[in-house]
Structures are given as C-alpha cells and as structure tokens.
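Listed below are the residues making up each chain.
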Amino acid sequence: MFKVLRKFKPAEYLIALISTAFIVAQVWLDLKLPDYMSEITMVMQTPGSKLSDLKEPGMYMVLCALASLVAAIIVGYFASKLATNLAHRLRQEVFEKVNAFSMEEMQHFSIASLITRTTNDTSQVQMIIAMGMQVMIKAPIMAVWAISKIAGKNSEWSIATAVAVVVLLMLVGSIVVFALPKFKIIQTLTDNLNRVMREGLTGVRVVRAYNAEKYQEDKFEVANEDVTKTNLFVGRMMALMMPGMSLIMSGLSLSIYWIGAYLIDAAKAMPERMQLFSDMIVYSSYAMQVVMSFMMLVMIFIMLPRAMVSANRINEVLDTETKIIDGTLTQQPWEMGEVEFRNVDFQYPDAEEKVLENISFTASPGETVAFIGSTGSGKSTLINLLARFYDVTAGGILINGKNIKEYKLEDLYNKIGYVSQKATIFSGTIESNVAFGDSKSTEPHSVEEALRTAKGLEFVENMEGGIEAKVEQGGSNLSGGQKQRLAIARAIHKNPEIFIFDDSFSALDYKTDKELRAELDSQRRGATTFIVAQRIGTIRNANKIIVLDEGKIVGMGTHDELMENCSVYQEIAYSQLSKEELTNG
Ligand SMILES: Nc1ncnc2c1ncn2[C@@H]1O[C@H](COP(=O)(O)OP(=O)(O)OP(=O)(O)O)[C@@H](O)[C@H]1O
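Source: prediction; values computed, not measured.

**Some thoughts on the overall build of the protein**
Alright, step 1. Helix and strand content of the protein: 20 helices and twelve strands.
Alright, step 2. Computed over the C-alpha atoms, the radius of gyration of the protein is 36 Å, more than 25% above the 25 Å expected from 2.2 N^0.38 for a compact globule of 585 residues.
Alright, step 3. Structurally, the protein occupies a C-alpha span of about 125 × 45 × 45 Å along its principal axes.
Alright, step 4. Counting across all 585 residues of the protein, residues that qualify as buried make up 33%.
Alright, step 5. Within the protein, contacts between residues at least 6 apart in sequence are counted, and of these 80% link residues at least 24 apart.

**Describing the confidence of the model for the protein**
Alright, step 1. Looking at the protein as a whole, the pLDDT averages 86, with 96% of positions reaching at least 70.
Alright, step 2. For this predicted complex, the interface confidence comes out at an ipTM of 0.95, alongside a pTM of 0.74.

**Remarks on the site of the ligand**
Alright, step 1. Inspection of the region around the ligand gives Gln107, Tyr348, Ala351, Val355, Gly373, Thr375, Gly376, Ser377, Gly378, Lys379, Ser380 and Thr381 as its neighbouring residues.
Alright, step 2. Here the shell around the ligand takes three residues from helix α10 (residues 379-386), the largest share from any one element.
Alright, step 3. Residue classes in the shell around the ligand are distributed as three nonpolar, eight polar and one charged.

**Some thoughts on the packing of helix α8 (residues 213-266) against helix α9 (residues 270-319)**
Alright, step 1. It is at 10 Å that the axes of α8 and α9 come closest, and there the two elements cross at 160°. One element, α8, and the other, α9, form an angle in the roughly antiparallel class. Seen along the crossing, α8 lies across α9 with a hand that is right-handed. On α9, the residues that touch Met245, Ile248, Met249, Leu252, Ser253, Ile256, Tyr257, Gly260, Leu263 and Ile264 of α8 are Arg273, Leu276, Phe277, Met280, Tyr283, Ser284, Ala287, Met288, Val291 and Met295.
Alright, step 2. Per-class residue counts for the contact of α8 with α9 are 16 nonpolar, three polar and one charged.

**Details of the pairing of strand β3 (residues 368-373)**
Regular strands place side chains that alternate from one sheet face to the opposite one.
Alright, step 1. Taking burial as the measure, the six residues of β3 include six buried ones, the bulk of the element.
Alright, step 2. With burial as the criterion, each face of β3 is covered, one bearing Thr368, Ala370 and Ile372 and the other bearing Val369, Phe371 and Gly373.
Alright, step 3. Direction of pairing for β3 relative to strand β10 (residues 528-532): parallel, over a ladder of four bridges. Residue pairing for β10: Thr368 is matched across the bridge by Thr529.
Alright, step 4. Pairing of β3 with strand β11 (residues 544-549) involves five bridges; the strand directions are parallel. From the neighbouring strand, Ala370 faces β11, where its bridge partner is Ile545.

**Describing the packing of helix α6 (residues 155-202) against α9**
Alright, step 1. Interaxial distance between α6 and α9 falls to 10 Å at its minimum, and their mutual angle equals 15°. It follows from the interaxial angle that α6 and α9 lie roughly parallel. The chirality of how α6 crosses α9 is right-handed.
Alright, step 2. In terms of residue class, the contact of α6 with α9 is made up of 18 nonpolar, three polar and three charged.

**Brief notes about the environment of Gly251**
Alright, step 1. Along the chain, Gly251 falls in helix α8.
Alright, step 2. With 87 residues separating them in the primary sequence, Gly251 and Ala164 have C-alpha atoms 8.0 Å apart.

**Thoughts on unusual backbone geometry**
Alright, step 1. Backbone geometry places Asn358, a non-glycine residue, at a positive phi of 50°.
Alright, step 2. Position of Asn358 among the secondary structure elements: in strand β2 (residues 356-363).
Alright, step 3. In this model, Asn400 sits at a positive phi of 55°, which is unusual for a non-glycine residue.
Alright, step 4. The topology assignment puts Asn400 in the loop between β4 (394-399) and β5 (402-403).

The rules behind these values
Residues numbered from 1 in each chain as written. Predicted model: local features only at pLDDT ≥ 70, side-chain atom pairs only at ≥ 80, totals over all residues. Helix = DSSP H or I, 4+ residues; strand = E, 2+ residues; numbered from the N terminus. Rg over C-alpha atoms; globule rule 2.2 N^0.38 Å. Buried ≥ 20, exposed ≤ 12 C-beta atoms within 10 Å, placed from the backbone. Contact = placed C-beta atoms within 7 Å. pLDDT = per-residue confidence, 0-100. Near = placed C-beta within 6 Å. Nonpolar A, V, L, I, M, F, W, Y, C, P; charged D, E, K, R; others polar. Axes fitted to C-alpha atoms, helices over the stretch in contact; angles between N-to-C directions. Parallel < 35°, antiparallel > 145°, perpendicular 65-115°, else oblique. Left-handed = near helix turned anticlockwise from the far one by under 90°. Pairing = 2+ DSSP bridges.

Written as structure tokens, this is what we have:
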C-alpha cells in the first residue's frame, strides 16, 4: 500500500498536508461543542437565568458546527481529488506495463486478471484513499483529544468508557479475523468471474450454434455463486457491526447516566449536584466521540486489508519485468539484410518439452521463405520468435548479422510487417485499421494502395463511407476474408523490410490468394517474406520451403527439390493436389 502511496506527486503531498490541517481544525471544532453544551446546561440550571443568556453559547455552538461542516467538505473535496488522480495514474501505469509485457507475462497473469487489476483493484485503492484521508487521520486525533478531555474527570465514567472500547475492539477483532482471509479470495474469484464472462461473450456464436447456453450458464452460475457466497459471508459479518456498535454506544450512554444518577443522588449540596449534572452531559458527549473515533478506526481496519490485497495485486503487475529485454542497436529503415536462424531451440514457459529443436536456415534479402508442416509442428512458434513475442531458449536469430536481441525493439518492429493467424481488427475505421501504429517506414504505401494490393479495395469502396467506414470492435461487421485482407493491407501499408504472414492467406479463396501474392511480389520492393501456409499452392513459388515435423526441420529447398527428396512434403502435396496439378504448376 505504501508503495502505491509513494506515487503521489509533491503537490499532492502538500494537498494532503493542507487537508490534515483542516481535519485538525474540524476535530477541534467538534470537541468544542460539549464545552458550550456544558455552559448552556449550567445557565439553564442557574435560578434567575434568562433566555437571552443562552444566546452567546448557542451562537458559538452553531458557528462551530457550521465551520466543522465547511472543513469536512474541503477535506472531502481534496480527498476525492487525490484518490481519483492516483487511480487514474495507476490505471495508466498498469496499462503501459501490460502493453510492454511479452506473451509469457500475459499468460502468467491471464487477461481476465489483468482487466480486474486495472479496473476493480484500482477502484478499491481509490476508495480507501478517499475514505482513509478523511477517517484515518481524523480518528486517532479525535480519540486522543477526546480521551485527554475526559481523562481524570471521573473514574467510574472512565471505567464505563474503557469497557465500551474493549467490547468494541473485541467485536471488531472477531469480525476481522473471520472476514479478512476472504478478501483475497474475493479478488481471485472476481478474476474468475471475468474470465468466464469474457469467454462466454467472445464465443457467443459457438455457444448458440452448439446449444451450449445451459452449459455456459452453469459455468457462470458456479463462478457467480462463488463470488456471491464469499461476499455474502463478508456482508453478514459486516452486518453485525452496525447494530453491535449502536448497542455499545447506547449501552455506554445508559451507563454514564446511571452512574451519574447515583453520583448526583449521593451529592449533598445543590451546586455540587448541578456541577455533576453538567459534567455528566459533557462526559457523555466526549465518550461518544471516543467511541465514534474507535468506530472510524475499525471501519478503516476493515477496508484497509481489502485495499491492501488490491494494492499488492497492482504492484505485482508493476513490479513484473518483461522477459523481453530491449536492445540498444538502432538501424535506419530499409537496410535490407539477411535473416538467419542459428541452431534455435524453443520451449514454452512451463512446458515440459521443446517445441522447436535445432532450427537453422538463412533467408537472403528479398527471398520468400515458406513453412509447411502438420498441425502443431511449430510453424507459428517459429515465426513468432522472429518478432520476439518470445525469446529463443537456445541458439540465436540474426538480422544483418546481429542478434535480434541487440536491436531496439522499436527498430525491430519498424522492420516487420506482421499478419497473425487470426486477423486482429480494432474498433475505429477502415483507415485507422490499415494506417495502424506509429509506422517509421520512410515510404509507407497509401491506405488505398495497400488495400488494392491486399485485394480489399473493392469491398471497402462498397462500404458506406469508403475508407472512413466504421469498423466495430473485433471487426464484427466484416467477414473473415475481409478482416484478413484488412490485416494484410495493414502490413503492406507499413512497407516493411520483413513480412511475416502466419497462415494469413487461408481465409482467402485460391484465386484471390494467387492474385494477392502476385500483386504483393510486385509491390514489396525486395522485402524478405516469411509465410506459414497450409496450402502447397500458396507457397510453391517460394525461394525456400522449410518442412517442419514435430519441431524439427525435415526438409528444405524449392518445391521441385522437395518433391524429389522430402517424403513429408510429398505426402502433403499429394493430399492436396493431383499429379497433373503438381507437374503443370
Ligand atoms: N502459449 C503456449 N504455451 C504452451 N504451448 C504452446 C503455446 N502455444 C503453442 N503451444 C504448443 O506448441 C506447439 C506448436 O504450436 P504452433 O502454434 O507453433 O503450431 P503450428 O505448426 O503453427 O500449428 P497450426 O498449423 O495448427 O497453426 C503445439 O504443440 C502447441 O500445443
């Protein structure tokens, strides 16, 4: 929690200090009220006193109450300003941190948990700061001040107050012991609820098509029930608090008056009795303030653990360093060069076996290198390593003779035009999706040009607004093929030195696939191209085809060479094309 509080700026510490001054003023004003009350009681009991004698202490009482109100409003304003500003900064920092995470860290936290940490957890911290500033500073000052006012006045009343405080602490202690462990559980269960909700919403079509609503509902019900049960338990414990506290406060008032009745009865002289009566009124007011301040402290002790759990969860994200460490090497765009995989091994974090083993090959500038192989053979993993989504476990990947780890990530990504297996589309317009990111290419293609090359201009022109047409979240108003064309246009627009197509042409029909690649060949100006494909037709003209099987290279060469000497490639080829197609091209 302190780590989070250290994120306050110097000006905000000053605001906190000013707020503290207002809190002290407020406590002083609140504790002044019983003094005037005592004065009024004395005046009322004095024979021959007039109504006008009450005017002055009455006026002061009203003024004190009003000034205390103003101070409370100012403190509330400052507290909410500080809390919301800090929450804004935390959300921003978490978002930026998560953006820099590699796939490994993403997988470690899970997307659902990262969302909860950015939203729900920051809200918990915001709430405790807004409340805490007002209560956490006020309660101890008020408790100490009020106790000092009544200390030594009357031992019987002091014992009654002490007993009330002890009972209060015992009540709260037992509640806290039972409720505290639940707070961490609640946050983890909220992560889970988010995950199930996300899964259900993103997969809604499949859920409907498979009549799996009931199954999903049951899954949601379990997650919902878990959160509800835990919240209910905590809620019930808390529900005991308020009546318990009222009971203690009323019990204390009653005890003070009861003890007071005996004391007054025992006193002989009238003035002594009057003094005792006035003291009793004042004492009961101060005693209430003492109990109130302990009550406020208790509230904080209940809220603080939950906020601390949240603050820890936020710190966990902020303290996690991404495994992908930025390099220092910078290079001007358009320095074409060789890409080399040298004895590369790769194993996913937490996986038991290597996914790629001893991968070595070279792609000369301008070459097209294609990867083919059975499902799960490691094709996507291999080209993801080139984009440093993960780092290799052994060996190295070199561009222009330098290990990719040496490059500044920004420079590396400036070189690469990446199209993922599943097209990723953002809400916005066609244009904002194609001209996406901060492209540093010296000569980016125009959006129209990129769309034309990606065979997407025709459908875009038919949309209302053309390239300004609206694109829904995830591209839900586009077809699979249209989304894939947009994603390809995005890479073409960047005009990169290296293209990476991760099975990006499979959503296109054969004819479009062929035309697109021909167009791309004429446009790519010597960029080195890596293509993962399922179809032989997509890659048969590649300069080099690499055949993968269970993470190892089992064949490398041109289509004709592989048809001669690679049985795995031949198997794939014969399963897709007839003998005539293969010989005639
Ligand atoms: N994030 C991950 N964590 C752990 N294992 C993974 C992860 N991603 C992929 N794998 C495993 O790595 C292996 C290779 O996966 P990869 O996606 O590279 O195969 P692929 O050849 O591209 O398959 P496909 O043609 O079906 O896309 C698979 O066995 C898969 O289970």
